[in-house]
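Each chain, written out:
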Amino acid sequence: MAAFLQWRKFVFFDKDSVKDPADNGKNFVLPSGISACDSGRGHIVLGDMDGSIWTLTRSLQLTSFQAYKLRVTHLYQLKQHSILVSVGQDEQGINPLVKVWNLDKRDSGNPLCTRIFPAIPGNKPTEVSCLSVHENLNFMAIGFTDGSVVLTKGDITRDRHSKTLTLHEGTSPVTGLAFRQMAKVTNLFVATLEKVHCYTLSIKEYPKVELDTHGCALRCSSLADPSQDSQFIVAGDDCVYLYQPDERGPCFAFDGHKLLAHWHRGYLFLLIRDTKSPNKPEFGSRGSSPSDKQILTIYDLDNKFIAYSAAFDDVIDVVAEWGSFYILTRDGNMFVLQEKDTQTKLEMLFKKNLFVMAINLAKSQHLDNDGLSEIFRQYGDHLYLKGDHDGAIQQYIRTIGKLEPSYVIRKFLDAQRIHNLTAYLQALHRQSLANADHTTLLLNCYTKLKDSSKLEEFIKSSESEVHFDVEIAIKVLRQAGYHSHAVFLAEKHMHHEWYLKIQLEDLKNYQEGLRYIGRLPFEQAESNMKRYGKTLMHHVPEGTTLLLKGLCTNYQPSGDTAERDSTETGRNDKANSEEFIPIFANNPRELKAFLEHMIEVDPRSPQGVYDTLLELRLQDWAHEQDPERKNVLQGEAVSLLRSDNTVFDKALVLCQMHNFKEGVLYLYEKGKLYQQIMHYHMQNEEYGKVVEACKRYGDQEGCLWEQALGYFARKEEDCKAYISEVLHHIDQNNLMPPLLVVQTLAHNSTATLSVIKDYLINKLQRESQQIEDDERKIRQYREETAHLRSEIQELKTSAKIFQKTKCNMCNSPLELPSVHFLCSHSFHQHCFESYAESEAECPTCTPENRKVMDMLRAQDQKRDLHDHFNRQLRGSNDGFSVVADYFGRGVFNKLTLVTDPPGSKTVGSLEVNLQRDLLIHTKRNC
């Protein structure tokens, strides 16, 4: 039971008299003799003692129509329909009539009366005490002074579609009726002077529940709105009771003699007789003497305060319409109560520091979140100034999302208030509104308070409850020395880099770090091994090498991790082994094992793998003292070179650095660097190897013999045997001019003339023989030339006698006509014409002549082949012979070929024939 004396009183309404705009602002005067009133559908309805029903519009326009002949006793205006139900009398005696009016339809200017029926319970005439109509027009209840309640079910606007029954009977007058509709359940509350009942109308038998054994006076009951769960309000003299359909609800100790109870827009209106007035009305009285003072009090049951209270003279009723409340009094006046706006009410509460009440009021008024947040902030500031930091932080927490967090954080940075700051920051994170700075600050608060339990609770929250920047949290925990917490957070949220950084750099837990890398997906395992591989190799060489072998062949994450489950089947992840070689900088043994494993598993490994392995094997070979072991290592190195997977230049440098003779010579031979092979032997003074190299590679590169001769010529030792062998090859292949040989050997003090005696004798003999041959050919060519010239001269000066008797074509005796040529060939004319390709050429000599002409044309074309000539000249050991050959071909002479044009006659000029015969004769002699 709540005592209203403890409730605070406010003036949340402005009272004013209703002015008549048509009468110069004077007070509006109500019609006299008002006996009933109600409101709804945009107007106030009044009934008087003369049987008229008045309608008052918002513009205070009054209209009336005669509803009854005698008087109107009750009115009920439906809120959702333009239906007005009235009870009145048309004749003397106890004969109340119920009339249903349709205000939207007119009958001779008046509202249409759709139904009239007598309000009598059974056959007993009795007065109507109260009236209620269901908003869906399916139920109407009429209460009587004899304790009866008549229920009309069906369409109340029509006689044919409804039926009437007596729902309740009793001895105590009925003082209040109210319909309650919740979902599909319809209830009817019935209040009498002695009891309160509830009927369930949605059930066929209309079951009844007795809710209480004390009732209320007439007009002292009402039905609350859904904000109070549509409870039935009964105002007794001692208390106000609220009822559910099946039980009594809360009770409020509002004492005083109640004259009127209404529920309008969330407020409870109670009209109480002033205690200074001793007189009390009986049940049937509608009013009191004009001197009675009545107090109208407006209660807010949700927020538990009195919104307004004032004294009035003889109130008829209180109605709600047009957003305001109107109070009608017997003296004809009408007052309006205008509710203040929410902001004004809140400011009034703020001035009195009633923040809790302001918050409740704002919520009931459905104030937006921004308005509520401002109230919470002011309330928090108020509590903060009072020193109630715990209470203040609770209010500030309620501003999260609207108020800038820095406003609150600055107030609680003091070390003594760190627990309040922690609470605020926790709430900020729970609402996912914290940034990186807030996370840092919260974790620092935990570490300052040394509250490990809260810290663990914070970081061990489930995935769906993580409302902070995980990376920032890891950083802060690491800086504060909470490495185990940081590691847990990094592993849980798969921040692999942070996990490894803490394990390897802070905790020095190398074995665990290596194990963790082995569980990661391929890409992350590869990147982290490149980053931490050197550290792990230094501390865990065997395990690191094993992991790298797997990473560079066919990597599969270890353990039943989510990453492994998500890996596609058949996927072959393989890292580039060459990229991991620098990790083994100080671990050559592990590096060698790793590289040998790689080339064994994958022969197509990168060249860098082979180069590095070659270097390691050469190092082992160079430092090995055991001859047998050294031979084995030498074979391994050579086999690696023969695999053709190494880079030539790198391999050659490595072999030279380690003085690996077999490798150097193999690479020289592989690269066709024959001069380098010979120079290598020269540097090592291996005379026999020098000669052997010349024999082996001299055909590919002829200058080797010349270099060998110069090498031996510079030696002061006795190298006669080698010089003789070299000279023999030079002489045999004519690789050097004799003069150059003599000049080369002149530098050797040990080489005597006997060394080159045989060479010079043989050379001079061959030169003499060549000279003799050349002179013989010269004489021959001179004789032939003289003979040709004599023949030409004879042809020019002497007549040619043709003595042929047979045809050279058919070998038959010649007969005229015949054809004779200067070449001494004769033909029958018909044979010549049959076989000759040209009239100017002998058919027998034509093939040979053509060959000669073709040779001359070829020589003429070759004269312009300068590049070919230059190549021959450079590639020849005897350049002079090449030039002489080209001179002999006439390349450097101007040659003109003369041929007969296609249409020439059979017998040409003598000069042309002579030249042709010369060519033929020359070819024959050749």
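These remarks concern the structure in this document. Quick caveat, the model's predicted, so the values are computed rather than measured.

Turning to the overall build of the protein chain, a few remarks are in order. Regarding its fold elements, the protein chain presents 31 helices and 34 strands. Residues classed as buried in the protein chain amount to 46% of the 926 residues present. Contacts spanning at least 24 positions in sequence make up 48% of the contacts within the protein chain whose residues lie at least 6 apart. Accessible surface for the protein chain amounts to roughly 48600 Å². Of this, 49% is attributable to carbon and sulfur atoms.

With their axes 8 Å apart at the nearest point, helix 9 (residues 470-479) and helix 10 (residues 483-492) run at an angle of 160° to one another. Taken together, the axis directions place helix 9 and helix 10 in an arrangement best described as roughly antiparallel. Between helix 9 and helix 10 lies a crossing of left-handed hand. Where helix 9 abuts helix 10, its residues Val 470, Ala 473, Ile 474, Leu 477 and Arg 478 lie against His 483, His 485, Ala 486, Leu 489 and Ala 490.

This part covers the sheet that holds strand 32 (residues 334-339). Strand pairing in a sheet is mediated by backbone hydrogen bonds. Such pairs are either parallel or antiparallel. Here four strands make up an open sheet; going across it, the order is 3-32-31-30 and the pairing antiparallel. With partners counted over all chains shown, the strands left at the sheet margins are strand 3 (13-17) and strand 30 (315-321), one partner each. Pairs of neighbouring strands in the sheet enclose a mean axial angle of 20°, with direction left out of account.

Axis separation between helix 19 (residues 648-657) and helix 20 (residues 661-670) bottoms out at 8 Å; the angle between their running directions is 150°. With respect to each other, helix 19 and helix 20 are oriented roughly antiparallel. The chirality of how helix 19 crosses helix 20 is left-handed. On helix 20, the residues that touch Phe 648, Ala 651, Leu 652, Cys 655 and Gln 656 of helix 19 are Gly 663, Val 664, Leu 667 and Tyr 668. Within the contact of helix 19 with helix 20, the residues separate by chemical class into seven nonpolar, two polar and no charged.

Okay, the pattern of salt bridges next. In total, this model carries 19 salt bridges according to the counting rule given. Linking Asp 381 and Arg 377 is a salt bridge whose minimum nitrogen-to-oxygen distance equals 2.6 Å. Of this pair, Asp 381 and Arg 377 both sit in helix 3 (residues 369-386), four residues apart, which is roughly one turn of that helix. With respect to burial, Asp 381 and Arg 377 carry one shared label: buried. In this structure, the salt-bridge partner of Arg 531 is Glu 497, at a minimum N-O distance of 3.3 Å. Here the residue Arg 531 occupies a position in helix 13 (residues 522-539), and Glu 497 occupies one in helix 11 (residues 496-506), the gap between them amounting to 34 residues.

So, how was this worked out
- Residues numbered from 1 in each chain as written.
- Predicted model: local features only at pLDDT ≥ 70, side-chain atom pairs only at ≥ 80, totals over all residues.
- Heavy atoms only, no water.
- Helix = DSSP H or I, 4+ residues; strand = E, 2+ residues; numbered from the N terminus.
- Buried < 20%, exposed > 50% of the residue type's maximum accessible area, 1.4 Å probe, protein only.
- Contact = heavy atoms within 4.5 Å.
- Areas by Shrake-Rupley, 256 points an atom, 1.4 Å probe, with all protein chains shown as cover.
- Axes fitted to C-alpha atoms, helices over the stretch in contact; angles between N-to-C directions.
- Parallel < 35°, antiparallel > 145°, perpendicular 65-115°, else oblique.
- Left-handed = near helix turned anticlockwise from the far one by under 90°.
- Pairing = 2+ DSSP bridges.
- Nonpolar A, V, L, I, M, F, W, Y, C, P; charged D, E, K, R; others polar.
- Salt bridge = Lys/Arg side-chain N within 4 Å of Asp/Glu carboxyl O.

That is the geometry; function is a separate question.
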